[in-house]
Amino acid sequence: MTRIHASAVVDSKAEIASDVEIGPYSVIGPNVKIGAGSRIGSHTVIEGYTTIGKENNFAHFAAIGGAPQDMKYRGEPTQLIIGDRNTIREFTTIHTGTSQDEGITRIGDDNWIMAYVHIAHDCQIGNHTIFSSNAQIAGHVKVSDWAIMGGMSGVHQFVRIGQHAILGGASALVQDIPPFVIAAGDKASPHGINVEGLKRRGFSSETISALRQAYKVLYKDGLSFEEAKVGIRKMAQASASDAATAEKLTEFHDFIAASTRGIIR
């Protein structure tokens, strides 16, 4: 049975699963869909064309599915799509997309989004990410699986953050962070491979060693960007007998090769 507090305002057109809990004074708009097992804390507003999956937990005073903070936006019916089992804490804001992109802001599964985080229009957030309190993510940013955003960090629009990367607290990021790399500072610069995180996630010592060598090729050997890309591609090819290592080196290479804003240096 749906548990909706008497003070909540839920539009009759909203699609709410039968076991969703909605707390006091929350507001749910007409174009909202909320999946089974989700909990909506008090004073939370969910509006816009917003689709929320299963077993999500929204804390108090979150503002979800609001119109993008983009002066070009003219009220187009853009979307926010949130996956399953996400935790979204107090005063978080997540906006719908814009027609200047594909019109959808996406949040994947199993993400931990702490208090006062802002995720702007058209962002694409993967799975198992952590956004520490006050992380501020501008429009069109892509954050890959298992990435971590430090508290009070800020990310410029269109930046990409690779899988298993870490952005340190109070950092300003204006270029891409390659996968597996730690970055910090104002402006953010590289500080090695996320070794401890990779160990916890089951990466072999051989793969971690190879990624550390790829980092050295990119950042320490005095090579040009083009020379570094060639060197890392050759490393991936030479590791063909170790499929896991070859895969991760290829992901590292392909990410930096595809960068349009440039990578942190």
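In what follows, the structure referred to is the one given above.
Residues numbered from 1 in each chain as written. Predicted model: local features only at pLDDT ≥ 70, side-chain atom pairs only at ≥ 80, totals over all residues. Heavy atoms only, no water.

**Q** Mind showing me how you'd approach unusual backbone geometry here?
**A** Only a minority of non-glycine residues have a phi that is not negative, and only a minority of peptide bonds are not trans. Omega for the peptide link from Asp186 to Lys187 comes to -5°, which places this bond in the cis form. Its location among the elements puts Lys187 in the loop between strand S27 (181-185) and strand S28 (188-193). If you check the backbone angles, His43 has positive phi at about 60° while not being a glycine. Within the secondary structure layout, His43 lies in the loop between strand S7 (39-40) and strand S8 (45-46). Exposure remark for His43: the relative accessible area of 34% places this residue in the partly exposed category. (Helix = DSSP H or I, 4+ residues; strand = E, 2+ residues; numbered from the N terminus. Buried < 20%, exposed > 50% of the residue type's maximum accessible area, 1.4 Å probe, protein only.)

**Q** How should I be thinking about the sheet that holds strand S10 (residues 57-58) in this particular structure?
**A** Strand pairing in a sheet takes place through backbone hydrogen bonds and is either antiparallel or parallel in direction. Reading across from one edge, S1-S4-S7-S10-S13-S16-S19-S22-S25-S27-S28 is the order of the 11 strands in this open sheet, with mixed pairing throughout. In the strand order of this sheet, the two ends are held by strand S1 (3-4) and S28, each with one partner. Sheet topology places strand S16 (residues 112-113) next to strand S19 (residues 130-131); 2 bridges connect them, and they run parallel. Bridge pairing in S19 links Trp112 to Ile130. Packed onto the sheet, helix H2 (residues 205-219) meets S27 and S28 and runs at close to 145° relative to S28. (Pairing = 2+ DSSP bridges. Contact = heavy atoms within 4.5 Å. Axes fitted to C-alpha atoms, helices over the stretch in contact; angles between N-to-C directions.)

**Q** Help me understand the side chain of Glu90, please; the structure alone is not making it clear to me.
**A** Along the polypeptide, Glu90 turns up in the loop between strand S13 (87-88) and strand S14 (93-95). Every residue in contact with Glu90, bar those within four places of it in the chain, is listed here: Ala59, His60, Ala115 and Tyr116.

**Q** Would you explain the pairing of strand S9 (residues 49-52) in this entry?
**A** Successive residues of a regular strand alternate their side chains across the two faces of the sheet. The side-chain alternation of S9 yields one buried face, formed by Thr50 and Ile52, and one unburied face, formed by Tyr49 and Thr51. In this structure, strand S6 (residues 32-34) lies alongside S9, joined through 3 bridges in parallel fashion. Residue Lys33 lies in a different strand from S9, and its bridge partner there is Thr51.

**Q** Would you explain the pairing of strand S15 (residues 104-107) in this entry?
**A** Sheet topology places strand S12 (residues 79-82) next to S15; 4 bridges connect them, and they run parallel. Counted as the bridge partner of Gln79 is Ile104 from S15.

**Q** Honestly, helix H3 (residues 225-238) in this entry has me stumped. Any pointers?
**A** Helical periodicity: at 3.6 residues per turn, an α-helix aligns residues three or four positions apart in one direction. Here H3 spans 20 Å end to end across 14 residues, near enough to the 20 Å set by a 1.5 Å rise per residue. Taken residue by residue, H3 has Ala228, Lys229, Ile232, Met235 and Ala236 as its buried positions. The arc that holds every buried residue of H3, seen down its axis, measures 125°, which confines them to one face. Turned more than 90 degrees from where H3 packs its buried face, Lys234, Gln237 and Ala238 sit exposed. Residues of H3 that are buried sit in contact with H2 and helix H4 (243-257). (Expected span 1.5 Å × (residues − 1). Arc of directions from axis to C-beta.)

**Q** Hey, could you run me through the packing of aromatic side chains in this one?
**A** In this description, a pair of aromatic rings is defined by centroid distance and the angle of the planes. The tally for this structure, following the rule as stated, stands at 4 aromatic pairs. Where Phe61 meets Phe91, the ring centres are 5.1 Å apart and the plane angle is 5°; that geometry is what we call stacked. Of this pair, Phe61 sits in the loop between S10 and strand S11 (63-66) while Phe91 sits in the loop between S13 and S14, placing them 30 residues apart in sequence. By relative accessible area, which is 39% here, Phe61 ends up partly exposed. For Phe91, a relative accessible area of 38% puts it in the partly exposed group. Ring centres 6.0 Å apart and planes at 70° place the aromatic pair Phe180 and Phe203 in the edge-to-face group. Of the two residues, Phe180 sits in the loop between strand S26 (172-173) and S27 while Phe203 sits in the loop between helix H1 (195-200) and H2, which places them 23 residues apart along the sequence. Taken as a pair, Phe180 and Phe203 share a single burial class, namely buried. Taken together, the aromatic side chains of Phe61, Phe91 and Tyr116 make up a single cluster linked through ring pairs. (Phe/Tyr/Trp six-rings, centres within 6.5 Å; stacked < 30°, edge-to-face > 60°.)

From the geometry alone we can't say anything about function, so treat these as descriptive.
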